[in-house]
Structures are given as structure tokens and as C-alpha cells.
Amino acid sequence: MDAFTAGIIQRIRNAEADLHRALESGDEFLAEVEQSELDDLRRLAADHGIDPVREMHRAAA
């Protein structure tokens, strides 16, 4: 995995964790912000031919 892919995957993981925390705390505004960030990161990954799910599984193996 190259550095760009690794960086995107890490940012997606962070955004997912932040979204989860926002939802758990009931902070609707922050959850919307984090969901938007996650959507943008997933779109960026797709634009560069990166499948985040496949890459996360590959990194975990």
C-alpha cells in the first residue's frame, strides 16, 4: 500500500471513529460534520481507484 492510500485509509478510520463518538454523545451537528467528512474521503478514495473496504481488510490481514 502506498503512502497516499495508507493516508486516505487512516483518515477514513479516524472519521468513522469520530462519527461514532458524535453519535454516541448525541451531538447531531458534529455527527453531520463527521458524516460529510467521511463522504468526502470516500469520494476522494473512489476518484483515485481506492476501495477502502478492501484496503482495510488487506491491512488487517
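Quantities reported herein were computed from a predicted structural model and do not represent experimental measurements. (Residues numbered from 1 in each chain as written. Predicted model: local features only at pLDDT ≥ 70, side-chain atom pairs only at ≥ 80, totals over all residues. Heavy atoms only, no water.)

**A word on the packing of helix H1 (residues 3–25) against helix H2 (residues 28–47)**
A packed helix pair is summarised by two numbers, namely the angle formed by the two axes and the spacing between the axes.
Okay, step 1: Here H1 crosses H2 at 160°, and the two axes come no closer than 9 Å. The angle between H1 and H2 places the two elements in the roughly antiparallel class. Crossing hand, H1 versus H2: left-handed. Here H1 contributes Ile8, Arg11, Ile12, Ala15, Glu16, Asp18, Leu19, Ala22 and Leu23 to the contact with H2, which in turn contributes Leu30, Ala31, Glu34, Gln35, Glu37, Leu38, Leu41, Arg42, Leu44 and Ala45. (Axes fitted to C-alpha atoms, helices over the stretch in contact; angles between N-to-C directions. Helix = DSSP H or I, 4+ residues; strand = E, 2+ residues; numbered from the N terminus. Parallel < 35°, antiparallel > 145°, perpendicular 65-115°, else oblique. Left-handed = near helix turned anticlockwise from the far one by under 90°. Contact = heavy atoms within 4.5 Å.)

**As for H2**
Okay, step 1: The first and last C-alpha atoms of H2 sit 28 Å apart over 20 residues, in line with the 28 Å expected at 1.5 Å per residue.
Okay, step 2: Along H2, the positions that sit buried rather than exposed are Ala31, Glu34, Leu38, Leu41 and Ala45. Taken around the axis of H2, the buried residues stretch over an arc of 90°, which confines them to a single face. Turned more than 90 degrees off the buried face of H2, the exposed positions are Glu28, Phe29, Glu32, Ala46 and Asp47.
Okay, step 3: For H2, the side-chain oxygen to backbone nitrogen distance between the N-cap and Phe29 is 3.4 Å, and the N-cap itself is Asp27.
Okay, step 4: Once H2 finishes, Gly49 follows within two positions and takes phi at roughly 70°, a positive value. (Expected span 1.5 Å × (residues − 1). Buried < 20%, exposed > 50% of the residue type's maximum accessible area, 1.4 Å probe, protein only. Arc of directions from axis to C-beta. Polar contact = N/O pair within 3.5 Å; in protein donor to acceptor, adjacent residues only side chain to side chain.)

**Focus: H1**
Okay, step 1: When the terminal C-alpha atoms of H1 are compared, their 33 Å separation across 23 residues agrees well with the 33 Å that a helix rising 1.5 Å per residue should span.
Okay, step 2: Among all positions of H1, only Thr5, Ile8, Ile9, Ile12, Ala15, Leu19 and Ala22 are buried.
Okay, step 3: Sitting at the amino-terminal end of H1 is Asp2, which places a side-chain oxygen 3.1 Å from the backbone nitrogen of Phe4.
Okay, step 4: Trailing H1 by a residue or two, Gly26 shows a phi angle of about 80°, which is positive.

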